[in-house]
Amino acid sequence: MALAAASRVLLHAGSRLGRREVVDGARRFANKQVLVETEDAAGIAVMKFKNPPVNSLSLEFLTEFVISLEKLENEKTFRGVILTSDLPGIFSAGLDLREMYGRNPAHYAEFWKAVQELWLRLYMSKLMLVSAINGASPAGGCLIALTSDYRIMADNPKYTIGLNESLLGIVAPFWFKDTFVNTIGHRAAERALQLGMLFPPAEALKVGVVDEVVPEDQIHSKARSVMAQWLAIPDHSRQLTKSMMRKATADNLIKQREADIQNFVSFISRDSIQKSLHVYLEKLKQKRG
Amino acid sequence: MALAAASRVLLHAGSRLGRREVVDGARRFANKQVLVETEDAAGIAVMKFKNPPVNSLSLEFLTEFVISLEKLENEKTFRGVILTSDLPGIFSAGLDLREMYGRNPAHYAEFWKAVQELWLRLYMSKLMLVSAINGASPAGGCLIALTSDYRIMADNPKYTIGLNESLLGIVAPFWFKDTFVNTIGHRAAERALQLGMLFPPAEALKVGVVDEVVPEDQIHSKARSVMAQWLAIPDHSRQLTKSMMRKATADNLIKQREADIQNFVSFISRDSIQKSLHVYLEKLKQKRG
Amino acid sequence: MALAAASRVLLHAGSRLGRREVVDGARRFANKQVLVETEDAAGIAVMKFKNPPVNSLSLEFLTEFVISLEKLENEKTFRGVILTSDLPGIFSAGLDLREMYGRNPAHYAEFWKAVQELWLRLYMSKLMLVSAINGASPAGGCLIALTSDYRIMADNPKYTIGLNESLLGIVAPFWFKDTFVNTIGHRAAERALQLGMLFPPAEALKVGVVDEVVPEDQIHSKARSVMAQWLAIPDHSRQLTKSMMRKATADNLIKQREADIQNFVSFISRDSIQKSLHVYLEKLKQKRG
């Protein structure tokens with residue numbers, strides 16, 4: 001289904017026009033794949049994913065994402081960030097499989113460290129994060145949403161969200177799982193992870209994968225009003241509370257980060273896994289071609 | 001209420017006819033208390049509990065159950081198992097109290113080890129397990145259902161399910177509790193365990209003790225369709241995901257397994273507990289007589 | 001909103017008449033701030049908070065509360081306690097801010113130890129505790145309710161309940177958080193704690209902060225019938241089950257109790273926090289004046 005989402009977006013790639021809204025008083029950072037529109041007066045920024053065709057989390061994208069986030073964290077002006085997509089129909093398709101295929105172990109290790117880094121940065125961010133999920137959000141795309149403080153999804157039944165790794169013959173890392181359990185509870189996570197469930201908006205709301213579903217054209221205004229509500233809380237109280245809730249989960253990765261990298265490298269280097277990825281990537285190419 | 005369930009079944013024992021359905025292509029293992037019907041083409045087996053009158057988990061039953069399960073695990077043909085009852089109106093009444101009364105400490109230890117073993121085998125099974133709960137399922141009966149990957153209950157308000165140990169003046173072991181918390185959450189488990197709550201199907205569904213409630217005559221077809229849905233997932237992904245979700249809970253018993261046995265033996269050997277069991281068993285005998 | 005609740009009660013303080021109901025067969029302990037009405041035949045006691053205007057948890061109140069509870073625990077007559085308020089419109093406004101302002105470190109330490117002690121005593125009490133929440137219940141007031149085995153709230157939309165510390169620029173201690181997570185789950189707690197949410201009865205019921213909402217004039221009869229239901233369970237089963245569910249959470253504070261006190265003392269002694277408390281207390285005085 002991640003594949004389905006990807007191909008759907010590919011079919012529509014010709015009609016994608018970038019939808020660059022002009023935001024009053026906004027200035028842009030000079031990014032390529034993560035557009036950052038800042039609204040200094042409100043103390044917020046909007047990060048728009050723009051890595052066509054499906055906002056895959058490539059090493060380059062991950063690196064830019066983390067650097068942009070770090071910049072915003074370091075400027076005292078900013079208190080909150082809205083995460084959303086600049087591409088129609090897709091929030092993010094998740095990890096870029098091309099980073100996991102036909103490379104050497106050093107590359108796999110570098111890539112995995114960048115994935116870990118993004119998760120750690122987002123999950124423990126001092127900033128208030130809202131995900132405005134305006135498209136399909138499988139696997140790593142869902143993970144980004146799960147790290148936010150609040151998740152709003154566009155009410156379009158074509159969009160689905162979930163950790164669907166098992167559908168692809170792989171397994172979600174334990175820290176994806178931990179984030180999921182923290183969000184929807186142990187039993188719902190156990191079932192959804194085993195089945196690789198991708199939830200349409202109404203079901204995502206019901207099981208707790210997202211906090212709110214709104215008509216697609218209201219998702220950005222809703223994200224702003226939610227942000228305003230959360231920013232009414234003194235930053236230090238909100239930040240200390242967030243840290244208290246999440247630190248044990250983050251520490252669980254930090255203390256075994258190197259082992260987790262080695263684990264990924266040895267798993268992804270297996271012949272059987274490389275073959276599966278080859279088949280999958282060839283299919284993607286044919287659809288694209 | 002376990003007592004009530006037991007006596008209800010006892011009253012109906014005369015009309016029990018075994019209900020041996022003929023399943024196309026099925027072969028049977030030569031079991032006595034756990035009928036195993038295999039459907040090689042589908043890669044599944046059905047285990048039917050048949051230990052009249054109430055499918056009590058005696059030492060003999062537990063041993064046969066574990067051996068049958070082990071056989072299925074070792075044959076690569078089988079990917080999933082449906083657990084159900086061959087007796088009308090009862091899934092399983094739980095641990096056989098006669099194994100806990102008037103025996104010596106060595107017997108209690110052997111019995112408890114077998115209970116632990118069944119839980120460990122079921123909870124961490126590589127096989128996909130569906131419980132088709134076609135009757136009352138108190139205490140240890142509920143535990144079996146809780147270890148499954150999916151629970152379907154027959155929509156008969158006479159059937160109830162729950163960990164009702166506190167009603168009998170005993171306490172559910174911590175690993176029953178851990179399994180329950182993983183399934184329905186901390187607060188719901190706290191309340192249900194303290195009160196020894198037995199839930200009718202609609203309530204069991206609402207609180208999350210079961211995943212689905214269906215008309216009684218559809219429970220087996222439903223179990224098969226759920227099984228097919230889960231077996232669409234590659235085995236190694238499903239198994240690794242299941243292990244990731246459950247290993248910490250299983251390890252929690254494994255690391256203190258011997259202490260848990262000693263704890264059980266010393267608890268059950270108390271005069272006060274033996275007296276309670278005596279009174280309870282006498283009542284059962286009178287009903288039966 | 002704790003402030004709002006406080007001032008609302010202050011406005012009505014003139015009309016407060018004590019509402020001393022005569023309970024058949026009841027005797028009173030000679031308390032000042034926690035009225036204890038015992039019903040020996042039923043084996044229960046009712047503890048009524050009476051520390052006008054808002055049942056603030058002062059050092060004196062906490063001390064009396066713990067001593068009264070200890071007395072009841074030590075008398076074998078009593079198996080359950082109903083916690084409620086003797087003041088109209090307020091269950092408890094939580095910790096008395098005057099104990100945290102303008103005092104010396106030794107006082108802060110003594111106060112915090114008393115808060116810990118109350119939580120430990122209530123959370124691990126052998127007695128069955130029901131909170132009959134007949135008024136606003138922010139912060140520490142909510143904590144008292146959370147420690148109970150069952151929470152019934154009066155159906156008055158003016159009453160709210162929640163851990164709203166972040167609204168005041170402070171942070172709920174980790175053991176408040178642990179109690180909250182155990183009650184409503186990780187995600188709901190994360191959101192409610194960051195936003196300092198105060199829930200009206202219907203929402204409190206929906207999210208699981210309370211177990212039941214009843215018309216205000218039925219809250220005491222309801223508390224009694226719930227108590228009777230729980231006391232139908234043998235005490236030792238109920239107590240061992242409760243301890244099994246809660247011990248790890250209590251131990252988490254016990255093992256770092258001294259560090260938690262030092263942490264509180266150093267936090268509350270900060271100039272910035274003292275200034276915030278000064279501003280807040282001045283506002284309260286003006287409302288009162």
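Note on numbering: residues in each chain are counted from 1, in written sequence order. Here chains are named by letter from A upward and ligands by number from 1 upward, in the order in which they appear as written. At least 70 in pLDDT is required for a residue's local features to be given in this predicted model, at least 80 for side-chain atom pairs to be given and counted, and no such filter applies to totals for whole chains, interfaces and linings, which use all residues. Think of the side-chain values as coming from all heavy atoms in the structure, minus any hydrogens and water.

## Describing the packing of helix H2 (residues 59–74) of chain C against helix H3 (residues 105–123) of chain C
All names here are of chain C.
- Where H2 meets H3, the axes come as close as 9 Å, and the angle between the chain directions of the two elements is 30 degrees. As H2 packs across H3, the resulting crossing turns out to be left-handed. Residues Leu59, Leu62, Phe65, Val66, Leu69, Glu70 and Glu73 of H2 pack against His107, Glu110, Phe111, Ala114, Val115, Glu117, Leu118, Arg121 and Leu122 of H3.
- Amino acids are sorted into nonpolar (Ala, Val, Leu, Ile, Met, Phe, Trp, Tyr, Cys and Pro), charged (Asp, Glu, Lys and Arg) and polar (every other residue, Gly among them). Split into classes, the residues belonging to the contact of H2 with H3 amount to ten nonpolar, one polar and five charged. A fitted line through C-alpha atoms serves as each axis, taken over the contacting stretch for helices, and the angle formed by two N-to-C directions is quoted from 0 to 180°. Every helix listed is a DSSP run of H or I at least four residues long, and every strand listed is a run of E at least two residues long, numbered separately from the N terminus. Each crossing is labelled by how the near helix is turned from the far one, with a counterclockwise turn of less than a right angle marking it left-handed and a clockwise turn marking it right-handed. Between two residues, a contact is recorded if the distance between any of their heavy atoms is within 4.5 Å.

## A short note on the interface of chain B and chain C
- The interface is formed by 18 residues belonging to chain B together with 19 residues belonging to chain C.
- The contact between chain B and chain C buries some 1,800 Å² in all, and 61% of this surface belongs to carbon and sulfur atoms.
- Defined here as a combined quantity, buried area equals the accessible surface (1.4 Å probe) lost by two parts on assembly, summed across both. For the chain B face of the interface with chain C, the top three residues by lost area are Arg187, Gln194 and Leu195 of chain B, together amounting to 39%.
- Salt bridges are counted wherever a side-chain nitrogen of Lys or Arg sits within 4 Å of a carboxyl oxygen of Asp or Glu. At the boundary of chain B and chain C, one finds two salt bridges.
- Distance and chemistry together define a polar contact, namely a pair of N or O atoms within 3.5 Å, with one atom able to donate a hydrogen and the other to accept it when in protein, and with adjacent residues in sequence counting only for side-chain atoms on both sides. Our enumeration of links across chain B and chain C arrives at ten residue pairs in polar contact (both at pLDDT 80 or more).
- Where the side of chain B that touches chain C is concerned, the elements lending two or more residues are helix H5 (174–184) and helix H6 (186–195) of chain B.
- With eight residues, H6 of chain B is the largest single contributor of residues to the side of chain B that touches chain C.

## Quick look at the sheet that holds strand E9 (residues 135–138) of chain C
All names here are of chain C.
- One open sheet holds the three strands; their spatial order is E6-E9-E11, and the pairing between them is parallel. Unpaired on one side and paired on the other, strand E6 (89–90) and strand E11 (161–162) mark the two borders of the sheet.
- Note: E9 against E11, two bridges, orientation parallel. Bridge pairing in E11 links Pro138 to Gly162. When DSSP finds two or more bridges between a pair of strands, those strands are recorded as paired.

## Some details on the pairing of strand E3 (residues 44–49) of chain B
Residue and element names in this part refer to chain B.
- Burial classes: relative accessible area under 20% of the type maximum marks a residue as buried, over 50% as exposed, and values in between as partly exposed (1.4 Å probe, protein chains only). Burial of E3 is extensive: six of the six residues sit out of reach of the surface.
- Covered by surrounding structure in E3 are Ile44, Val46 and Lys48 together with Ala45, Met47 and Phe49, the residues of both alternating faces.
- One ladder, built from six bridges, connects strand E2 (residues 34–39) with E3; its direction is antiparallel. Each bridged residue has a counterpart across the sheet, and for Thr38 the counterpart in E3 is Ala45.
- The turn joining E2 and E3, which pair antiparallel and follow one another in sequence, is formed by four residues; a positive phi near 75 degrees is taken by Gly43.
- Bridge analysis of E3 against strand E5 (residues 80–85) gives six bridges, and the strand direction is parallel. Counterpart to Lys48 in the pairing with E5 is Thr84.

## Concerning the relation of the copies chain B and chain A
- C-alpha atoms of residues with pLDDT of at least 70 in both copies form the basis for the least-squares superposition of the copies. Expressed as a screw operation, the relation of chain B to chain A combines 0.0 Å of axial shift with a rotation of 120 degrees, fitting to an RMSD of 0.0 Å. When the rotation and shift are considered jointly, the pair of chain copies conforms to a three-fold rotation axis. Closest approach to the rotation axis among the C-alpha atoms of chain B is made by Gly185 of chain B, whose C-alpha sits 4.3 Å away.

## Examining helix H5 (residues 174–184) of chain A
Residue and element names in this part refer to chain A.
- For H5, the buried fraction is high: eleven of the eleven residues fall into the buried class.
- Along H5, the positions that sit buried rather than exposed are Phe174, Trp175, Phe176, Lys177, Asp178, Thr179, Phe180, Val181, Asn182, Thr183 and Ile184.
- Just downstream of H5, Gly185 is the residue with a positive phi angle, here 90 degrees.

## A closer look at the environment of Gly140 of chain B
Residues and elements named next belong to chain B.
- With respect to the secondary-structure elements, Gly140 resides in helix H4 (residues 140–147).
- On the basis of relative accessible area, Gly140 is assigned to the buried category, the value being 2%.
- For Gly140 and Lys113, which are 27 residues apart along the polypeptide, the C-alpha to C-alpha distance reads 14 Å.
- In contact with Gly140, other than residues within four places in its own chain, are Leu57, Gly94, Leu95, Glu165 and Phe176.

## Considerations on the confidence of the model for chain A
Residue and element names in this part refer to chain A.
- Here chain A averages 90 in pLDDT, while 89% of its residues score no lower than 70.
- The model gives residues 1–24 a pLDDT under 50, and that stretch makes 40 contacts with residues more than four places away or in other chains.
- The complex model carries a pTM of 0.90, and its ipTM stands at 0.89. Residue-level confidence of the predictor is what pLDDT reports, using numbers from 0 through 100.

## A short note on H4 of chain B
- Across the eight residues of H4 of chain B, eight count as buried, placing the element largely inside the fold.
- Of the positions making up H4 of chain B, those classed as buried are Gly140, Gly141, Cys142, Leu143, Ile144, Ala145, Leu146 and Thr147 of chain B.

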